[in-house]
Amino acid sequence: MRKVLAVLLVMLLPVLAFGKGAVIGKVVDAETGLPLVTAQVTLVGTTMGSITDLAGVYAIDNVPEGDYILKAQFLGYKIATKDIDVESGEMTEVNFKLVSSVIAGEEMTFFATRAKERETPVAFANVEKAEMKQRLGSRDIPMVLNTTPSVYATPQGGGAGDSRINVRGFNQRNVAVMINGVPVNDMENGWVYWSNWDGLGDVTSSIQVQRGLSAANLAVPSIGGTMNIITDAADMEPGIMYRSEIGTGKFQKNTIVASTGLINEKFALTVSGVRKTGEGVVENTWTDAYGYFLGASYIANEDHKFDFYVFGAPQRHGHRLYSQSLEVWDTEFAEEQGIDADPADERGIRFNPNWGYNNYSSAGEVKEYWNGSIHAPYRSDRLQERENYYHKPQANFNWYWDISEQLRLSNVFYYSKGMGGGTGGYGSWWEFDNFGRIDFDATIQRNQAATPDDNGEIASETVIRNSVNDHVWYGWIGKAEYEMNENMKVSGGVDYRYFVGEHYREVRNLLGGDYYMYTGNPNDGPDDQKKRLGDKIAYNFTNDVMWIGGFLQGEYTMDKLSAVIAVGANSVGYRHENFFRTPADGQEIDWQRILGYFVKGGANYNLSDEFNLYTNLGYNSKPPIFDGVISDYSFTYNEDPLNEEIIGFELGSGYRGFERRVQVNANFYYTMWNDRTWTYSYTNPNTNEDYLYTLEGVDAVHTGLEFDFKVQPRREFSLDGMVSIGNWEWASDVDASFRPENNPSDFQEIRLSLDGLKVGDQPQTTVSLTPTVYPIDNAYISATWNFFAEHYADYDPLDREYNWNTGVRPDREQSWKVPNANVFDLHVGYAVPNHLGVRFDITGHIFNVFNELYVIEADDGDDHTADDARVFLGLPRYWNVGLQVTF
């Protein structure tokens, strides 16, 4: 610290020589002693202030002589003030140790299994609230993580909430996502629907991405990694914040947050509300969303603390669901990839085929049904084939009990109820206009041209349907930790979850007709087959999932060494009931139960105050997802489902030097995924019976090197960066044979030619650099460069099946490799220091500054070339600006 202050003194000598003073110092966490980066330090009643750098150091120069109140503040910490006397030509040193202002903050860190620097032996990265405000710009939360090694997030088609994230070559079905320590991956298929959490970024305090098997001690699908989101908690400091944002596509967003502060040393409440609208960067990907959050904390006594959270985001938004060939997006770009493109095929990068104009809605002739009632279409002059509408409120009740100085207990009880679904066409195909959009007028006219029935009513050929996916989900997670001595801690816990999902399709829009004729439900009588608005079609079933698990963990710490080992087991049960089958044929597939378990451990050794070395090793026997056990639609189940086997290894090191102004991490990882769940459906041509199997031996190996750093040689400049180089391949060909237990003579064989094929769907090489300059106090200009390479188009390994009947040779050609891409974003901001108790923050973002044309997602074609690939391109240049006022 003295060396840093000496350097600052030399830099400030010209200022001091002209008769003014300077204030310098350091801001650290009172408990850990670690610097608080981007804390704000201001002289109350003036516009003079500064923010801290990577070392936690600040400096305020050109301060006139006099007495002042110096204030230090950082999100999540109590504000601290000190009276100071600044003398002409002198440098005044004032240091702050800030105390957390979050009630039960330490308890949440334990419950959510947050990794700790130079202690937890895993590769991880933190994105704090200040950094999110600097770079997110009201995008979906995953989009802020593209500067993290081996993490790849895309907006897919570009609709609000449609983003997805991959880690180390594994999609988000195999990335555990938790909010406040509670798993939120879908209980049936493991997916994460970010539209359910629209607005979560506004109340997120911190995101930690742990790559690999992670430090999570619950049996969660952390093959690629774990993404742990911690929301704002009830703050002990009172205040009100209002933020207004505008952006491309008529984007508008308003957010308000209010906190009572700690009342009578017992109770605190924080509430927030969000309203968001916009037409979308892509045509007709409009958004109409709300968000709300409530966090309440109650300190009963020094041993018992309680938290209560409620958050949700009722929303509707337009989809762009269908990827296109390259020439549809941009002819010139397609030709650069060797495609003989016809300019007449180009529709532009903002093109969306999932909507169309119509004149019937404005006349009130078209009505839509969703969420139990009839509504007018979102826009009177157009209709949307693909729309998502959902509301998934979640409530958590947390109880933290310090039973003794050595023993603590944490319980979280949670409940969630999801309501809504997505839309699409049903029946005959659409009529299209000359531009490739849906011609709803022509489709309605075709419906109305049908011959009326005996009652004078018209049956529609084509309708818009809702695919409804309602659910109820509740659970309990209990954890206990016992400190045996100053070196040894043991902990254990229980994880119980129950999920009921209701899935059906219903008529949303009859498109000019009176009913739709559906004969697929054998329980319907003749009159019941005329389906009107809200009536069920296509399928109607419920899936139940029951999960119970437990874990034990031991942690040892002595001097420079910390080590941990954890073991756990879980039982997953799946049940299915199909209401479009007759009772005589059987409507229920009873509980199918599968056991899983894991064991993992690791150690960290601090070689010095600057260097540390860590390693971890783990094994996870993971039960398959619902679809790997029961087929919803064919009413079949796998009698002998196989667990996926994951082996993970990591070796890494870290460096923290020059008063933490240089921070470097590097690691190697190895992940083997054996018996990856691929279900194979087969219909016996003689008996017409359906069978469902799991293919054994579909293995993949993911290895790679990861490197990231933060450097801040001067207060005026910092540089963050990362490099990740992966090698993800299918490990072997697969020869599988199977025979149904009830018909052993029905012998089948399948061969998949996979050995050496690259895993697709994510760039295997990524580079990122983020230089930031601070031209004046409280202002920043930051640019982010992302480079993506070795990106292979996604494909289904089952498509590489050897044809035993024709003897066609196996297809061993790599899938199409997407062109490399360079993408630049720009972020600026200025925080007006507190004046009369009010602070103003201004932020601005330009994403894809140079309007780069690049492929973000690709599905491979039969020829494995650009010509037959179907792709989404990255969003064109777009912007966002915001003004925040804090009282």
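Reading the values: rules and limits
Residues numbered from 1 in each chain as written. Predicted model: local features only at pLDDT ≥ 70, side-chain atom pairs only at ≥ 80, totals over all residues. Heavy atoms only, no water. Core = buried A, V, L, I, M, F, W, Y, C linked by side-chain atoms within 4.5 Å. Buried < 20%, exposed > 50% of the residue type's maximum accessible area, 1.4 Å probe, protein only. Helix = DSSP H or I, 4+ residues; strand = E, 2+ residues; numbered from the N terminus. Contact = heavy atoms within 4.5 Å. pLDDT = per-residue confidence, 0-100. Polar contact = N/O pair within 3.5 Å; in protein donor to acceptor, adjacent residues only side chain to side chain. Pairing = 2+ DSSP bridges. Axes fitted to C-alpha atoms, helices over the stretch in contact; angles between N-to-C directions.

## So, the nonpolar core
Of all hydrophobic cores here, the largest spans 28 residues; its most connected members are L145, W197, I207, M227 and I229. Counting residues per element, the ones that place at least two in this core are β10 (151-154), β11 (164-167), β12 (175-179), β14 (204-211), β15 (225-231) and β20 (304-312). The dominant element in this core, judged by the number of residues it contributes, is β12, at 3 residues. The contact partners of I229, leaving out residues within four places of it in the chain, are I141, M178, I179, N180, W194, L200, T204, S206 and I207. By size, the runner-up hydrophobic cluster in this structure holds 26 residues, among which are M187, L218, I477 and I630.

## Side note on the confidence of the model for the protein
When pLDDT drops low, the exact placement of atoms in the prediction is not to be read closely. Averaged over every residue, the pLDDT of the protein is 89; residues scoring 70 or more account for 91%. When the criterion is pLDDT under 50, residues 4-17 qualifies, and its contacts beyond four places in sequence or with other chains add up to 28 contacts.

## Points about the side chain of K253
Inspection of the secondary structure assignment puts K253 in strand β17 (residues 251-259). On the accessibility criterion, K253 (5% relative accessible area) is buried. One polar contact links K253 to D202, side chain to side chain, over a distance of 2.7 Å. If sequence neighbours within four positions are ignored, K253 has contacts with S138, D202, R243, S244, E245, V274, R275 and K276.

## Focus on the sheet that holds strand β5 (residues 66-73)
Here 4 strands make up an open sheet; going across it, the order is β3-β2-β5-β6 and the pairing antiparallel. For this open sheet the edge positions go to β3 (49-51) and β6 (80-86), each flanked by a neighbour on one side alone. Strand-to-strand, the axes of this sheet are offset by a mean angle of 20°, without reference to chain direction. Bridge count for β5 against β6 is 7 bridges, and the pairing is antiparallel. Directly across from G66, in β6, lies its bridge partner V86.

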